[in-house]
Amino acid sequence: MGSQTGLSKTILNMSYDLNGIGMTSQRTRDRLIQRLREEGIKNENVLEVMRQTPRHIFVDEALASRSYEDTALPIGHGQTISQPYIVARMTELLVEFAPLNRVLEIGTGSGYQTAILAPFAEQVFTVERISPLLEQAKEKHAALEITNIRYLLSDGSWGWSEYAPYDAIIATAAPEEIPKELVEQLADGGRLIIPHGTSYHQRLSVIERDGDELITTDLDMVSFVPLVREK
Ligand code: SAH
């Protein structure tokens, strides 16, 4: 990635229509932002990053016209790109104390949430267990010229201990129970935001570390794909 030449970058950029037309145009994107605002998203920086980031390049071309609807969409391999409202809400919760130094994301998927987080952190570390998804996400981040993301193909239930502790950890797949490894990799003052529970009843929780103390706040009911723990 790092050795990419200017020329190949241009070709890469041209293979994606970053500006969009019709159902993917800036006007269509602005409508989504207006809707997120009406649904209660308040952080203007988060809204602005979402306004500027083309979500349509993160979904299959056949679904591009639906990419500015506030809905999750399939991305192949039985996975989904998260609903924009959820991306906005989770990002808002994480960046309340921005600027963040290191952020860990479990479940890269399409790479859309990663792209939204990137401007708020020094470095984003993202872990995905499905190789083709991780490769596609890398390509899209390169097309958007986002350079502060590191990738790991692995079971993210273990976190990514090499770069711990993290100021923020976000999981975009839901375990039944919160893996203790993720809590252990939180920096003092850091927060973990994670959906957890069974497929139909997941709770979004925020866990903050204050020294040895952990403060848990339970938020909305949500619906994420399961976090698959490799045996
Ligand atoms: N934020 C992503 C959401 C993708 S869905 C987006 O907006 O596109 C959740 C992702 O978590 C899937 O890609 C799935 O493969 C991945 N996942 C599930 N279990 C995992 C695990 N144990 N480790 C790493 N990734 C996992």
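Residues numbered from 1 in each chain as written. Predicted model: local features only at pLDDT ≥ 70, side-chain atom pairs only at ≥ 80, totals over all residues. Heavy atoms only, no water.

Draft legend 1. Fine view of the pattern of salt bridges. Counted according to the given criterion, the structure contains 12 salt bridges. The salt bridge involving Glu39 is made with Arg35; its shortest N-O contact spans 3.2 Å. Note that Lys138 and Glu135 form a salt bridge whose closest N and O atoms lie 3.4 Å from each other. Of the two residues, Lys138 and Glu135 are both situated in helix H6 (residues 131–143); the distance of three residues between them amounts to about one turn of the helix. Through salt bridges with shared partners, a single network forms among Asp30, Glu48 and Arg51. (Salt bridge = Lys/Arg side-chain N within 4 Å of Asp/Glu carboxyl O. Helix = DSSP H or I, 4+ residues; strand = E, 2+ residues; numbered from the N terminus.)

Draft legend 2. How the structure looks around the packing of helix H2 (residues 26–38) against helix H3 (residues 44–52). It is the contact of H2 with H3, at a shortest axis distance of 9 Å, that shows an interaxial angle of 155°. Put simply, H2 runs roughly antiparallel to H3. For the crossing formed where H2 meets H3, the hand is right-handed. In this structure, H2 contributes Gln26, Arg29, Asp30, Ile33, Leu36 and Arg37 to the contact, and H3 contributes Glu44, Leu47, Met50, Arg51 and Gln52. Taken together, the residues of the contact of H2 with H3 sort by class into four nonpolar, two polar and five charged. (Axes fitted to C-alpha atoms, helices over the stretch in contact; angles between N-to-C directions. Parallel < 35°, antiparallel > 145°, perpendicular 65-115°, else oblique. Left-handed = near helix turned anticlockwise from the far one by under 90°. Contact = heavy atoms within 4.5 Å. Nonpolar A, V, L, I, M, F, W, Y, C, P; charged D, E, K, R; others polar.)

Draft legend 3. View of a negative patch on the surface. There is a patch of like negative charges on the surface, built from Asp188, Asp210, Asp212 and Glu213. Within the secondary structure, Asp188 sits in strand E7 (residues 186–198). (Patch = residues over 30% accessible without salt bridge, like charges linked within 9 Å, V, L, I, M, F, W, Y side chains within 5 Å. Areas by Shrake-Rupley, 256 points an atom, 1.4 Å probe, with all protein chains shown as cover. Lys, Arg positive; Asp, Glu negative; His and termini not counted. Charge placed at Lys NZ, Arg CZ, Asp CG, Glu CD.)

Draft legend 4. Spotlight on the site of the ligand. Around the ligand sit 24 residues in total, of which Ser110, Glu128, Asp155, Gly156 and Val228 are the nearest. Between the ligand and Glu128, the relevant distance is 2.6 Å, taken from an oxygen atom to a side-chain nitrogen or oxygen of the residue. Here a nitrogen atom of the ligand sits 2.6 Å away from a polar atom, N or O, in the main chain of Val228. In the complex, the protein chains occlude 99% of the 580 Å² of accessible area that the ligand would expose alone. (Near = heavy atom within 4 Å. Polar contact = N/O pair within 3.5 Å; in protein donor to acceptor, adjacent residues only side chain to side chain.)

Draft legend 5. Layout of the confidence of the model for the protein. Averaged over all residues, the pLDDT of the protein equals 92, while 93% of them reach at least 70. This model gives residues 1–7 a pLDDT under 50, and the stretch forms five contacts once residues within four places in sequence are excluded. (pLDDT = per-residue confidence, 0-100.)

Draft legend 6. Here's a closer look at the sheet that holds strand E8 (residues 201–210). Across the sheet, seven strands lie side by side as E5-E4-E3-E6-E7-E8-E9; this open sheet has mixed pairing. Of all the strands in the sheet, the pair left with one neighbour each is strand E5 (149–153) and strand E9 (213–222). Within the sheet, the average angular offset between the axes of one strand and its neighbour, ignoring direction, is 15°. Two elements, strand E3 (residues 100–106) and strand E4 (residues 121–128), share six bridges in a ladder whose sense is parallel. Across the sheet, Val103 pairs through a bridge with Val124, a residue of E4. Lying on the sheet, H6 is in contact with E4 and E5; it crosses E5 at an angle near 165°. (Pairing = 2+ DSSP bridges.)

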